[in-house]
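# An overview of the molecular structure
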Amino acid sequence: MKKKIFYLLVALGLAGSYPAMAQQAFWNYDDEDAESQIPAECDGTFDESRGGVFMPTTRELAERGEAFLINPDPVERKKAGFCLVAAAMQGHIPSQYRVAQLYAKGIVLPQDDLSAYRWAFLASLNGHEEASKLALLLERFLTTKEIELATSSINNM
């Protein structure tokens, strides 16, 4: 059930002109072409004392993602993408910028200039200065049509 809710959030967050491409880029990065599983550290946990399912805050997700990024184990490092994308989709501005960086460099997430631009542009709209610089840099590698697709999908959200 939790997995379905998360996938629904991803689908809604990536809605726009190219949602299937964006989802495929994130969810199907597994080497064996197997569907990736949401790590328990990035998902909700049942806590009876809190009255049911407790979801981590965006700050907690971002902190967990950053912790996974510095882990030398490649399997553990992949978990960073889940946590950071989850935080970014919930409006955590530093995570939006970090996801843009990861897509731009191909670290943990597949290298994808269009997705990187989309996240950088979103973070810049939310006031992140460094994201504005990254978005301008990435624009050089995109066509006018790709830029229009990215910005219109953000405006539609």
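Below: a short report on this structure. (Residues numbered from 1 in each chain as written. Predicted model: local features only at pLDDT ≥ 70, side-chain atom pairs only at ≥ 80, totals over all residues. Heavy atoms only, no water.)

Right, let's get into the overall build of the protein chain. Counting its secondary structure elements, the protein chain contains eight helices and two strands. The buried share of the protein chain, taken over its 157 residues, is 43%. Nonlocal contacts in the protein chain, meaning residues at least 24 apart in sequence, comprise 58% of its contacts between residues at least 6 apart. Accessible surface for the protein chain amounts to roughly 8,700 Å². Of this, 55% is attributable to carbon and sulfur atoms. (Helix = DSSP H or I, 4+ residues; strand = E, 2+ residues; numbered from the N terminus. Buried < 20%, exposed > 50% of the residue type's maximum accessible area, 1.4 Å probe, protein only. Contact = heavy atoms within 4.5 Å. Areas by Shrake-Rupley, 256 points an atom, 1.4 Å probe, with all protein chains shown as cover.)

Moving on: the nonpolar core. If you look at the biggest cluster of nonpolar residues, it comprises 36 residues, and the most contacted ones within it are Val 99, Tyr 117 and Trp 119. What Val 99 contacts, discounting residues up to four positions off in sequence, is Leu 84, Val 85, Ala 88, Leu 109 and Trp 119. (Core = buried A, V, L, I, M, F, W, Y, C linked by side-chain atoms within 4.5 Å.)

Now for the packing of aromatic side chains. Each aromatic ring pair is described using two quantities: the centre-to-centre distance and the angle formed by the ring planes. In the structure shown here, the tally under the stated rule is one aromatic pair. Note on Tyr 117 and Phe 121: the rings are 5.7 Å apart at their centroids and 25° apart in plane angle, and the pair reads as stacked. Placement of both Tyr 117 and Phe 121 in helix H6 (residues 113–125) is noted, with a separation of four residues, approximately one turn of the helix. Phe 121 shares its class with Tyr 117; the two are buried. In this arrangement the basic side chain of Arg 118 is found over the ring face of Trp 119, its NZ or CZ atom lying 5.7 Å from the centre. (Phe/Tyr/Trp six-rings, centres within 6.5 Å; stacked < 30°, edge-to-face > 60°. Lys NZ or Arg CZ within 6 Å of the ring centre and 35° of its normal.)

Along the polypeptide, Ala 100 turns up in helix H5 (residues 93–105). Judged by its relative accessible area of 0%, Ala 100 falls in the buried class. Each C-alpha atom, one on Ala 100 and one on Leu 122, is 9.4 Å from the other, the two residues being 22 residues apart in sequence. Every residue in contact with Ala 100, bar those within four places of it in the chain, is listed here: Ala 116, Trp 119, Ala 120 and Leu 134.

Relative to the 22 Å expected for 16 residues at 1.5 Å per residue, helix H4 (residues 74–89) spans 24 Å between its end C-alpha atoms, a close match to the ideal helical length. By the burial criterion, the buried members of H4 are Lys 79, Ala 80, Gly 81, Phe 82, Cys 83, Leu 84, Val 85, Ala 86, Ala 87 and Ala 88. Just past H4, the residue Gly 91 takes up positive phi, approximately 95°. (Expected span 1.5 Å × (residues − 1).)

It is worth spelling out the packing of helix H3 (residues 58–69) against H4 at this point. Angle between the axes and distance between the axes: these two values describe a pair of packed helices. The interhelical angle for the contact between H3 and H4, taken along N-to-C directions, is 155°, at an axis separation of 7 Å. With respect to H4, the element H3 is oriented roughly antiparallel. Classified by chirality, the crossing of H4 by H3 is left-handed. Only Glu 76, Arg 77, Lys 79, Ala 80, Cys 83, Leu 84, Ala 86 and Ala 87 of H4 make contact with H3, whose side of the interface consists of Thr 58, Leu 61, Ala 62, Arg 64, Gly 65, Glu 66, Phe 68 and Leu 69. (Axes fitted to C-alpha atoms, helices over the stretch in contact; angles between N-to-C directions. Parallel < 35°, antiparallel > 145°, perpendicular 65-115°, else oblique. Left-handed = near helix turned anticlockwise from the far one by under 90°.)

Don't take any of this as a statement about function, it's just geometry.
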